[in-house]
Amino acid sequence: MATAQPPYFGAAYYPEDWPLDQIDTDIDLMKQAGMNCMRIGEFAWSRMEPEEGRYDFGWLHTVTDKLGAAGIAIILGTPTCTPPSWLYQRYPECIAVRDDGVRLEHGARRHACPNSPAYRDHCRRIVTAMATEFGQDSNVVGWQIDNELYVVHGLEDHRGCFCDECVGKFRSLLQERFGTIEALNAAWGTDLWSQTYQSFEHIPPPRSGTWHHPSLLTAWSLFQADSYVDFADDQADILHRMASQPVGTDMMPTLGLDYHKMHRKLDVVQYNHYNLPENLWQCGFWMDMVGSLKDAPWWNIETSTCWNGSTAANGYREPGFCRVNSWLAYALGGEANLYWLWRAHWSGQELMHGAVVSAQGRPLHIFGEVQEISRGLSAAGEWLNNTRPARSGLAMHVSTVAWWTFAHQAMVKGFGYIDAMMHRVYKPIMQAQLRPQVIHPAQPLDGYRLICSPFLPVLDEQGLRDHLREWIEAGGTWIVGPLSDIRDEHAAKFRHAPFGVLEDWAGVHCRYEIPGDPRDFGLCWADGQTSTGSIWYDGFEPRDCDVLATYTENPLEGLAAVVSRKLGKGRIVMLGTMPVAADWQRLLLDQARSVDIAPVAEASTNLLVVPRVDKAQAGAPDAQTRGLIVVELENRSGTIGLPQSATDLLTGRKHSGSIEVAPYGVMVLAH
Ligand SMILES: [Zn+2]
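A. Examining the overall build of the chain more closely. The helix and strand tally for the chain stands at 17 helices and 31 strands. Radius of gyration (C-alpha) of the chain: 26 Å, near the 26 Å computed for a compact globule of 671 residues. Of all 671 residues assigned to the chain, the portion counted as buried reaches 61%. Residue pairs in contact within the chain that sit at least 24 positions apart in sequence constitute 72% of those at least 6 positions apart. Accessible area of the chain: about 25100 Å², with a carbon and sulfur share of 48%. The distance from the centre of the 55 positive side-chain charges to the centre of the 79 negative ones in the chain is 2 Å.

In structure tokens form, the structure reads like this:
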């Protein structure tokens, strides 16, 4: 049979857990489920290399050949997340060391040190052997490097590995960056608390239990995160040299790693998520991020069918959830949706997770829903392949540097970076039916007309400050703050002003900075509406700007809370406080309108509406709309006013005007 084509629909499959003749039974069931893609191999190192240097790929060839013969495409994982026991016995230095000095033991996953030379050697060896075997296999449509790379270990704050190799490498990197220890002391301001170092060798790995310097903590966390990028690059180089298929790595909903950096060498963005019914909308945030990393479709590599669970099942999902959770990925530019997992494990650490079929091979209650999704993909597949999500010209920044800066300096009690970005910034944007891209500081700004950068403490990141200034002066509108541009590249405050450049750019002088704990402060907008801010309060004296909101309570009374200033052909809007959701929406819609960005439809807040444009025109500002995908996120009905009549490819029915969308309903509305 010909190799399956996108859209890919399938699951993770662990044939190493079963007798080889089981595969025929499984393939029969996969075909019944309507699946065309299986992801295999990611943890099977000990089956591929039972002892050092002795490889056994016969069983894996049987699996890939049989799946391929059934028209099921394969995404092949490199198994480096789970090094085999013989490796641990012979080269214990491969395994990570916690911050209390204890080396982890064999048996878990993601427990090796990304910087261990021995581990890296053995990883290169197994990846080379796999690429030799499968690099030209036409049934294999992609590679997944390792599994869920992120900074783990430590005892506190996911601080990473504290082995001698990591500590030595960290000190060498600091030496490379600063040149002399005196330069590091000056940049970090180590005179305070007698922290001045005499040598790079004296810089302590920031173990828990000590109140460490935030410059040290941030530098250490970013070093640990970059170590995983370097680790993945290593495997990508081998696969690019030896294999013909696209290469990616399956990422988690975390910004602890810089995913933009991670994808400089990778070809396809892969993503895993396990959102619950109450936070399904958050998929939008992450998918708007993964979808912006490359100008190409991405793959949803893992999600649950009906509940989560490792040792304890949790988060049962109501009927319809599987449908809407699966379609979300396709709506937002994914060309694959794979479940974790196909057949529930019969042994091991994760016995209780939801699946497609049980360990005994009995279809779970969602099997019919899975079949329905497959039928829908058959009906809409060609249209999906020929269209892409429209790009609106609106973006919001997220940053790994911000993630770690706030992780080590929360700034105000109760503040959590990712929570604020999702709940305070993204959700009101989404519910206003504006479609943002979520971008990293190093991503190009061309094509955007409105960019929001709240909670971006380090502005001088990867050249962003200069790019932004050029972009604004060329006509862009930039909404910035609160808590943006308040730290230098070493996570320290500026000494000339509370901001690096923002006072100058926005034409203000910041008189007071006040935390939003334990209470919020009142403000009045220019149109007379009264409200409060939230989280943080900078009170500005306007020097050369328009005032959009003014504080009404002492000690901020009379000071500006939100200002706007023309800069070249563009505009900067500076927030001294985070407006509440309704005010944030209003401000955003105003600014969007001024740069010709409009809500994509008039629709209830529980609907995600994604306009799709012709694939060939994707990215062009005037790309022709080919239709909409509508996804209901909250298991209640919603309404949408269709801008033009359209046919739902899932039902064949024609719709126009204002229509109702069923609870957990999905519509693929082609013009
Ligand atoms: Zn290490």
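B. Spatial organisation of the nonpolar core. The biggest cluster of nonpolar side chains holds 202 residues, and the ones touching the most others in it are Met 35, Met 38, Phe 285, Trp 342, Phe 455, Trp 478 and Trp 584. The dominant element in this core, judged by the number of residues it contributes, is helix H8 (residues 214–242), at 12 residues. Ala 603, Val 609, Val 661 and Met 667 belong to the second largest nonpolar core, which has 13 residues in total.

C. Summary view of the layout of surface pockets. Quantified by volume, the largest pocket comes out at close to 1000 Å³. Along its surface, the largest pocket is lined by 36 residues, and Phe 43, Thr 82, Arg 109, Gln 349 and Glu 350 are the ones closest to its centre. Elements with a minimum of two residues in the lining of the largest pocket: helix H2 (45–48) and strand S9 (308–309). Looking at the lining of the largest pocket, the element that brings in the most residues is H2, giving three residues. Per-class residue counts for the lining of the largest pocket are 12 nonpolar, 15 polar and nine charged. Roughly 650 Å³ of internal volume is contained in the second largest pocket.

D. Just the environment of Asp 24, in detail. Along the polypeptide, Asp 24 turns up in helix H1 (residues 22–33). By relative accessible area, Asp 24 is classed as partly exposed at 38%. A C-alpha to C-alpha distance of 9.8 Å links Asp 24 and Ala 70, two positions 46 residues apart in sequence.

E. Looking closely at the sheet that holds strand S27 (residues 638–641). An order of S24-S27-S30 is seen for the three strands of this open sheet, with the pairing classed as antiparallel. The outermost strands of the open sheet, each flanked by one partner alone, are strand S24 (602–603) and strand S30 (658–661). Bridge analysis of S24 against S27 gives two bridges, and the strand direction is antiparallel. From the neighbouring strand, Glu 602 faces S27, where its bridge partner is Gly 641.

F. Inspection of the coordination of the zinc ion at higher detail. Listed as protein donors to the zinc ion are Cys 113 (SG), Cys 161 (SG), Cys 163 (SG) and Cys 166 (SG); their distances from the metal cover 2.2 to 2.3 Å. Here the zinc ion binds four donor atoms, and the angle range of 99 to 115 degrees at the metal identifies the geometry as tetrahedral. The sequence pattern describing where the donors of the zinc ion fall on their chain is C-x47-C-x1-C-x2-C.

G. Examining the sheet that holds strand S3 (residues 73–77) more closely. Strand order in the open sheet formed by nine strands is S5-S4-S3-S2-S1-S11-S8-S7-S6, and the pairing between neighbours is parallel. Each end of this open sheet is capped by a strand with a single partner; those strands are strand S5 (247–248) and strand S6 (250–251). Note: strand S8 (residues 298–302) against strand S11 (residues 334–339), three bridges, orientation parallel. Looking at S11, one finds that Trp 299 is bridged to Ala 336.

H. Structural detail: the side chain of Arg 388. Positionally, Arg 388 belongs in strand S12 (residues 387–389). No salt bridge forms around the buried Arg 388; measuring N to O, its nearest opposite-charge neighbour Glu 335 is 5.5 Å away. Beyond its immediate stretch of four places on either side in the chain, Arg 388 contacts Pro 297, Pro 611, Arg 612, Val 613, Lys 615 and Ala 618.

I. Molecular detail of the packing of aromatic side chains. Counted according to the given criterion, the structure contains 24 aromatic pairs. Note on Trp 193 and Trp 211: the rings are 5.1 Å apart at their centroids and 80 degrees apart in plane angle, and the pair reads as edge-to-face. One end of the pair, Trp 193, is in the loop between helix H7 (181–188) and H8; the other, Trp 211, is in the loop between H7 and H8, and 18 residues separate them in sequence. Each ring, one from Phe 285 and one from Tyr 426, has its centre 5.6 Å from the other, and the planes form 90 degrees; the classification is edge-to-face. Here Phe 285 is found in helix H10 (residues 282–293), whereas its partner Tyr 426 is found in helix H14 (residues 417–431), with 141 residues between them in sequence. Cluster of aromatic residues (ring-pair linked, three or more members): Phe 162, Phe 170, Trp 220 and Phe 223. Stacked on the ring of Phe 521, the Lys or Arg Arg 519 has its end atom at 4.2 Å from the ring centre.

Rules of the game
Residues numbered from 1 in each chain as written. Predicted model: local features only at pLDDT ≥ 70, side-chain atom pairs only at ≥ 80, totals over all residues. Heavy atoms only, no water. Helix = DSSP H or I, 4+ residues; strand = E, 2+ residues; numbered from the N terminus. Rg over C-alpha atoms; globule rule 2.2 N^0.38 Å. Buried < 20%, exposed > 50% of the residue type's maximum accessible area, 1.4 Å probe, protein only. Contact = heavy atoms within 4.5 Å. Areas by Shrake-Rupley, 256 points an atom, 1.4 Å probe, with all protein chains shown as cover. Lys, Arg positive; Asp, Glu negative; His and termini not counted. Charge placed at Lys NZ, Arg CZ, Asp CG, Glu CD. Core = buried A, V, L, I, M, F, W, Y, C linked by side-chain atoms within 4.5 Å. 1 Å grid on protein atoms, 1.4 Å probe; cavity = no way out; pocket = protein on both sides within 12 Å on 5 of 7 lines; lining within 4 Å. Points joined across faces, edges and corners; volume = space filled by probe spheres on them. Nonpolar A, V, L, I, M, F, W, Y, C, P; charged D, E, K, R; others polar. Pairing = 2+ DSSP bridges. Donors = N, O, S within 2.8 Å, 3.2 Å for Na, K, Ca; no water. Tetrahedral: all angles 85-135°; square planar, octahedral: opposite > 155°, others 65-115°. Salt bridge = Lys/Arg side-chain N within 4 Å of Asp/Glu carboxyl O. Phe/Tyr/Trp six-rings, centres within 6.5 Å; stacked < 30°, edge-to-face > 60°. Lys NZ or Arg CZ within 6 Å of the ring centre and 35° of its normal.

Treat this as a map of the structure, not an account of what it does.
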